[in-house]
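# Structural features, examined
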Amino acid sequence: MGTEIPVHVGIIMDGNGRWAQMRGRTRSQGHLEGLKAAKRIVKAASDMGIRYLTLYAFSTENWKRTADEVGFIMGLIKQYLRGELDFYRENRIRIRHAGDAAGLPLDIQAELLSAAADTAAFEGTQVILAINYGGRDEIVRALRRLAASGRMTGADMPALTERDIAACLDNPDVPDPDLIIRSAGEYRTSNFLLWEGAYAELCVSPKFWPDWTGDDLAAALSVFQGRDRRFGGIPAVAAAVKS
Ligand code: IPE
Ligand code: IPE
Ligand code: MG
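Residues numbered from 1 in each chain as written. Chains lettered and ligands numbered in written order. Predicted model: local features only at pLDDT ≥ 70, side-chain atom pairs only at ≥ 80, totals over all residues. Heavy atoms only, no water.

Attention shifts here to the site of ligand 2. Within the structure, ligand 2 sits among Ile12, Met13, Asp14, Tyr56, Ala57, Phe58, Asn62, Arg65, Arg182, Arg188 and Ser190. At 2.9 Å, a side-chain N or O of asparagine 62 approaches an oxygen atom of ligand 2. Take arginine 182: an N or O atom from its side chain is 3.3 Å from an oxygen atom of ligand 2. Here ligand 2 has 390 Å² of accessible area as a free molecule, and 78% of this is covered by the chains. The element contributing the most residues to the shell around ligand 2 is strand β2 (residues 52-59), with three residues. Among the residues forming the shell around ligand 2, the class breakdown is five nonpolar, two polar and four charged. (Near = heavy atom within 4 Å. Polar contact = N/O pair within 3.5 Å; in protein donor to acceptor, adjacent residues only side chain to side chain. Areas by Shrake-Rupley, 256 points an atom, 1.4 Å probe, with all protein chains shown as cover. Helix = DSSP H or I, 4+ residues; strand = E, 2+ residues; numbered from the N terminus. Nonpolar A, V, L, I, M, F, W, Y, C, P; charged D, E, K, R; others polar.)

Between the first and last C-alpha of helix α3 (residues 67-83) there are 24 Å, a value that for 17 residues agrees with the 24 Å anticipated at 1.5 Å per step. All buried positions along α3 are accounted for by Glu69, Val70, Ile73, Met74, Leu76, Ile77, Tyr80 and Leu81. What you see down the axis of α3 is that its buried residues fit within an arc of 160°, all on one side. More than 90 degrees from the buried face of α3, the exposed residues found are Ala67, Asp68, Arg82 and Gly83. Those residues of α3 that are buried are in contact with α2 (27-48), β2, α4 (85-91), β3 (94-98), α5 (106-119) and β4 (126-133). (Expected span 1.5 Å × (residues − 1). Buried < 20%, exposed > 50% of the residue type's maximum accessible area, 1.4 Å probe, protein only. Arc of directions from axis to C-beta. Contact = heavy atoms within 4.5 Å.)

With that settled, consider helix α6 (residues 135-149). The first and last C-alpha atoms of α6 sit 21 Å apart over 15 residues, in line with the 21 Å expected at 1.5 Å per residue. Every buried residue belonging to α6 is among Gly135, Glu138, Arg141, Ala142 and Leu146, and all of these are buried. All buried residues of α6 lie within an arc of 145° about the axis, which places them on one face of the element. Among the exposed residues of α6, those oriented more than 90 degrees off its buried face are Arg136, Arg144, Ala147 and Ala148. Of the surrounding elements, those touching the buried residues of α6 are β4 and α7 (162-166). Following α6 by one or two positions, glycine 150 has its phi on the positive side, about 75°.

Summed over the entire model, instances satisfying the criterion amount to eight aromatic pairs. Their ring planes at 70° and their centres at 4.8 Å tell us that phenylalanine 58 and tryptophan 63 sit as a pair that is edge-to-face. Here tryptophan 63 falls in the partly exposed class, since its relative accessible area comes to 34%. With centroids separated by 6.1 Å and ring planes inclined at 70°, the aromatic side chains of tyrosine 80 and tyrosine 88 adopt a geometry described as edge-to-face. Look at tyrosine 80 and you get buried, because its relative accessible area is 6%. (Phe/Tyr/Trp six-rings, centres within 6.5 Å; stacked < 30°, edge-to-face > 60°.)

For the rest of this paragraph, the subject is the side chain of glutamate 201. Along the chain, the position of glutamate 201 falls in strand β6 (residues 201-204). When residues no more than four places from it in sequence are discounted, the contact partners of glutamate 201 are Asp178, Leu179, Ile180, Phe224, Arg227 and Arg229.

So, about the environment of glycine 103. Residue position: glycine 103 is located in the loop between β3 and α5. Along the primary structure glycine 103 and cysteine 168 are separated by 65 residues, whereas in three dimensions their C-alpha atoms are 18 Å apart. If near-sequence neighbours (up to four positions away) are discounted, glycine 103 is found in contact with Trp63 and Asn132.

Bringing unusual backbone geometry into the picture now. In most cases, non-glycine residues show a negative phi, while peptide bonds are predominantly trans. Not every positive phi belongs to a glycine, and asparagine 132 is a case in point at roughly 50°. With respect to the helices and strands, the residue asparagine 132 is situated in strand β4. One non-glycine residue with positive phi stands out, namely serine 190, at about 45°.

This part takes up the site of ligand 1. Close to ligand 1 lie 13 residues; Asp14, Gly17, Arg18, Arg27 and Arg65 are nearest. Residue glycine 17 places a main-chain N or O atom 2.9 Å away from an oxygen atom belonging to ligand 1. Here arginine 18 contributes a side-chain N or O atom positioned 2.7 Å from an oxygen atom of ligand 1. Here ligand 1 has 380 Å² of accessible area as a free molecule, and 87% of this is covered by the chains. Within the residue set of the shell around ligand 1, elements represented by two or more residues are α1 (16-22), α2 and α3. The class makeup of the residues in the shell around ligand 1 is three nonpolar, five polar and five charged.

Encoded structure:
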């Protein structure tokens, strides 16, 4: 049983709709409570010393929802980005974005840019908001960036390496996630961090996202600490045995 805190935690914040449905409330109310949970978890992650926290807030597939729901979620994101600056400053939290910014409404793009600029120098937890994010889309955009950089032409493609692609992802300096958590019981990644999450430990909790507190994050970290991460190798005990 390790005691190591994961450097990078990703969270698929799911279950806002079901949380609301169970209480006879609207999906919007579920998203509003989900935002409050996100704030609690950012504070808890910062207090625990997690270096990077990626929050899956809106996927490239979530545009399929009604215009009302999408509009409500975008409004919440804007409010969150604008209203939390004092909190980021007090906690030295740096805000970043993952996903296709160009596909977002202009006002959200502007809020993301200003939150990132205002917090760029903060050395505490880096919170990466995955908004209009899809893992496949990120890989496609990475390859387009690589082509546009002129560093590799079609003729160089036979020499293409994983490192070339990784260097063109949305936040290439951010280490791969050690732990990916999903709330609300679904055992799927729904297009989250496909490339980066290749060796992430997965932790699924049945609890709906609006009910999450710092204690749930702490519980997921202790599950993580009980895992034996092998990265395709053999466990340390087995390595001591002759092959
Ligand atoms: C997660 O909750 C929030 C987003 C995907 C934006 P859902 O809205 O997916 O909640 P369920 O899955 O319908 O319960
Ligand atoms: C994943 O949840 C996306 C986010 C949490 C932002 P979804 O609710 O969109 O995923 P599916 O549809 O259940 O796979
Ligand atoms: Mg869902």
